Amino acid sequence: VEEPLLAEHPSSTRLAPVVGGWSMLPLSKLKSAFCKIPGASALCLRGADTTKFLQDKTTNDVNKLISPGDSQLTAFLNRKGRFLHSSLLVKGHEENEYILITESSGIPDLSKHIKLFKFRSKVEMEDVSNMYNIWGVLSKDQQLLEQAVEENNSAPANDGVNSLAFLDPRTPTLDHGRKGEDGSAAKSSFPSPMGAIVLTTSSSSCSPCLPDFVEYIDGAAYDAYRMVQGIPRDNHDMFRNESFILESNYDWLSGVSFTKGCYLGQELTARSHHTGVIRKRLMPVYFVPSGPNKQEIAGRDIKNYERWNDDGDLLFPSYFDPNSKLLIPPTTTKLRANDKPAGKILASAFNVGVAQVRFEHTDPDTVFEADGVRVVPLIPSWW
């Protein structure tokens, strides 16, 4: 069976001219791509007290966002320190203006949460989801990503709305906890696994300013790539009032400041970080049929399969199968290793997914069983 081609791009206009038209490549040969981020919406907060409000209510240090396009991964927690909402927080073009890129399904609850705590603070909130198209640009070529950010930020305003582009802030911290000179977690030189983000006006059919060889993919492929990289997604593999953000790698993805001071829900997060008691982590996995004749995966034996998700400059690893007809166990299905509880499935697409896995079951020889399917954990290349 031939691998399906990329989805046809829905827009006929780009901010930069396209010379060669749309080249349709199989996903397995893709080196760079872009997509409307599935489920992404935006809230805008502005007003004299906005910076202080966000500093007191979110997990990251908002004071580090200075210039338009500065961004960070952050989260809102409940009073007990459990997850409520995730956001990519972006400094806007105006003073004390911030854009929160978050899941559209969570906008009503997040708006209610903000209204509950802002009291009489000078904070104005506006749902700007209809103002922007939110694009993700994927590539392992850092120069291409930086060029895309620069060109989109310098593009002329469209219908009075400026494009806003930035490198995805979900950047691995150096040695996962090693401190920088200011006491905060130091970032590594490894670029974000999720490339770059571009916001363009939604009032036209314009897509990001990108070279014509950057292919358009659909939301399902984008989300599968996210899972392959082991990146959490709000309301898909994180659960409100239940999930713990350190188990979803927020500390390893520069999503938590341990030096900023107090914020809502800080106590549990800080205590777990400083005591080192984190027994489970979100990890990418892929699924293969069980059975005595199913030992080979992508031409390699399961036991000796290289666990690092790094296939050179290609976006998708060799084991990714967009034609997979395998019946994947449902979300929250328990994983077992040697007949012992080892974690649970959080989300899946095609033959890949993410799971919450206990640390003692992440050695290279581990293969889980779940409802008659083999589940193979993988270590992301950025770990």
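In what follows, the structure referred to is the one given above.
Anyway, here's the lowdown on the structure attached to this text. (Residues numbered from 1 in each chain as written. Predicted model: local features only at pLDDT ≥ 70, side-chain atom pairs only at ≥ 80, totals over all residues. Heavy atoms only, no water.)

What about the environment of Tyr216?
Working step 1: One can find Tyr216 in strand E12 (residues 215–216).
Working step 2: Assessed through its relative accessible area of 11%, Tyr216 is described here as buried. (Helix = DSSP H or I, 4+ residues; strand = E, 2+ residues; numbered from the N terminus. Buried < 20%, exposed > 50% of the residue type's maximum accessible area, 1.4 Å probe, protein only.)

Comments concerning the pattern of salt bridges
Working step 1: For the structure shown, the criterion picks out 16 salt bridges.
Working step 2: Close ionic contact of Glu126 with Arg46 constitutes a salt bridge, the shortest N to O distance being 3.1 Å. Highlighted residues: Glu126 in strand E7 (residues 124–127) and Arg46 in strand E3 (residues 40–46), separated in sequence by 80 residues.
Working step 3: Accessibility expressed as a relative area gives 33% for Glu126, which makes it partly exposed.
Working step 4: Each of Glu103, Asp223, Arg226, Arg233 and Asp237 takes part in salt bridges that share partners, so that together they form one network. (Salt bridge = Lys/Arg side-chain N within 4 Å of Asp/Glu carboxyl O.)

Some points on unusual backbone geometry
Working step 1: In this structure, Ser254 takes a positive phi of about 60° despite not being glycine.
Working step 2: Its location among the elements puts Ser254 in the loop between helix H4 (219–229) and helix H5 (266–275).
Working step 3: What makes Ser254 buried here is its relative accessible area of 12%.
Working step 4: The backbone phi angle of Asp371 is positive, close to 50°, even though this residue is not glycine.
Working step 5: Relative accessible area serves as the criterion here: at 59%, Asp371 is assigned to the exposed category.

Quick look at the nonpolar core
Working step 1: Core analysis: the largest hydrophobic core is formed by 74 residues, its most contacted members being Ile101, Leu199, Ile217, Ile245 and Leu335.
Working step 2: Counting 17 residues, the second largest nonpolar core, distinct from the first, contains Val62, Tyr98, Leu100 and Phe117. (Core = buried A, V, L, I, M, F, W, Y, C linked by side-chain atoms within 4.5 Å.)

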